[in-house]
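Architecture and fold: a report
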Amino acid sequence: MAESKTNAMRILDSKKVSYDMLTYDNKDGKIDGISVAEKIGRDPKEVYKTLVAQGASKNIYVFVIPVAEELDLKKAAKAATEKKVEMIHVKDIQKWTGYIRGGCSPIGMKKEYRTFIDESCLLVDSIVVSAGKIGVQIVLDPASLKDLTKAEIIDLNK
């Protein structure tokens, strides 16, 4: 089983953070958050997507929000103290994070980026995020994710 661990899971193990792993079939190509929530049988309010944006300063930021929500770029820019932020192009996700679209985990990116988690995480006991590989998710306590990523909890949704 150890060979199927992702980098994010190895980091969680090394920090002694408890988590559960969930897998889903992705042969149908449906890897969007709502489809993933459905496949793993979880409420979309508990399943979060990891979005990567770049500020006017060229700094990279990570935003973790529920899969059914849309990132409010104005709120994101304000949180990051930027004039504006824009989502990075899909083709650049791997360059900045080391992950691919659909398998981007907020844990274990190439560099430690300033990270923000939507405040809705305070309303759930556990949140589900990508384990860093399409078809694999991790379930953990929101406080553990916050601590691990040194994230700020803030209102990010439209």
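In what follows, the structure referred to is the one given above.
Values in this document were obtained by computation on a predicted structure and should not be read as measured data.

**Here's the deal with the sheet that holds strand S4 (residues 85-87)**
Overall, mixed pairing links the 5 strands, which are arranged S4-S2-S3-S5-S8 in an open sheet. Where the open sheet ends on each side, the last strands, each with one partner, are S4 and strand S8 (152-154). Taking the axes of each pair of neighbouring strands and ignoring which way they run, one obtains an average angle of 35° across the sheet. The sheet contact formed by strand S5 (residues 114-118) and S8 spans 3 bridges and is parallel. When the bridges of S8 are listed, Ile117 appears paired with Ile153. Lying over the sheet, helix H5 (residues 142-149) contacts strand S3 (60-66), S5 and S8, oriented at roughly 165° with respect to S5.

**Quick notes on the sheet that holds strand S7 (residues 136-140)**
Either a parallel or an antiparallel arrangement is found when strands of a sheet pair, and the pairing is made through backbone hydrogen bonds. If you walk across this open sheet you meet the 3 strands as S1-S7-S6, and the pairing is antiparallel. The sheet terminates laterally at strand S1 (20-23) and strand S6 (127-133), the two strands that pair on one side only. On average, adjacent strands in this sheet sit at an angle of 35° to one another, irrespective of strand direction.

What counts, and at which threshold
- Residues numbered from 1 in each chain as written.
- Predicted model: local features only at pLDDT ≥ 70, side-chain atom pairs only at ≥ 80, totals over all residues.
- Heavy atoms only, no water.
- Pairing = 2+ DSSP bridges.
- Helix = DSSP H or I, 4+ residues; strand = E, 2+ residues; numbered from the N terminus.
- Axes fitted to C-alpha atoms, helices over the stretch in contact; angles between N-to-C directions.
- Contact = heavy atoms within 4.5 Å.

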